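Each chain, written out:
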Amino acid sequence: MLDQKLLSILACPVCKGDLQYDQAAKELICLADAMAFPVKDDVPVMLSNEAREMSLQETEKYR
Ligand SMILES: [Zn+2]
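Here is a short report on the structure shown in this document. (Residues numbered from 1 in each chain as written. Predicted model: local features only at pLDDT ≥ 70, side-chain atom pairs only at ≥ 80, totals over all residues.)

### Let's talk about the overall build of the protein
Where we set the bar: Only runs of H or I of at least four residues qualify as helices and only runs of E of at least two qualify as strands under DSSP, and these elements are numbered from the N terminus. Here the radius of gyration uses the C-alpha set of atoms, whereas the globule reference equals 2.2 Å times the residue count to the power 0.38. For the exposure call, what matters is how many other C-beta atoms sit within 10 Å of a residue's own: 20 or more marks it buried, 12 or fewer exposed, and in between partly exposed, using C-beta atoms placed from the backbone. Here contacts are defined at the residue level, using C-beta atoms placed from the backbone and a cut-off of 7 Å between them.
A tally of regular secondary structure across the protein gives two helices and five strands. Starting at the N terminus and walking to the C terminus, you meet the elements of the protein as α-β-β-β-β-β-α. In terms of C-alpha radius of gyration, the protein reaches 11 Å, essentially the compact-globule figure of 11 Å for 63 residues. Projected onto the principal axes, the alpha-carbon positions of the protein cover approximately 30 × 25 × 20 Å. The buried share of the protein, taken over its 63 residues, is 16%. Taking contacts inside the protein between residues at least 6 apart in sequence as the whole, the part at least 24 apart equals 23%.

Shown next as structure tokens:
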């Protein structure tokens, strides 16, 4: 479970935009970049080279 405060200060390392937390997938989603950042042991990994690229179709469910 990620702390709401932590979540509110986190920003995408690529575009500095807001992130959405997918609790089920344990990923932080940047819709602007269509990237998903993993959360490992409740620690967000905010590295673009660790991120997963999402398909446009996949980003639709977060909009
Ligand atoms: Zn971004």
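### Examining unusual backbone geometry
Phi is positive for Ala-34, which is not a glycine, with a value near 55°. For Ala-34, the location among the structural elements is in the loop between strand 2 (27–30) and strand 3 (35–40). Here Ala-34 falls in the partly exposed class, since 16 other C-beta atoms lie within 10 Å of it. One non-glycine residue, Asp-42, lies in the positive phi region at around 65°. Structurally, Asp-42 can be placed in the loop between strand 3 and strand 4 (43–44). By C-beta crowding, Asp-42 is classed as exposed, having 10 other C-beta atoms within 10 Å.

### Quick notes on the nonpolar core
Short version of the rule: Note on terminology: a nonpolar core is a set of buried residues of type Ala, Val, Leu, Ile, Met, Phe, Trp, Tyr or Cys, with members joined through C-beta atoms within 7 Å.
One finds Cys-12, Leu-19, Leu-28, Ile-29, Cys-30, Met-35, Ala-36, Phe-37 and Ala-51 forming the largest nonpolar core, which totals nine residues. The contacts of Met-35, once residues within four sequence positions are left out, are Val-14, Cys-30, Ala-51, Arg-52, Glu-53 and Met-54.

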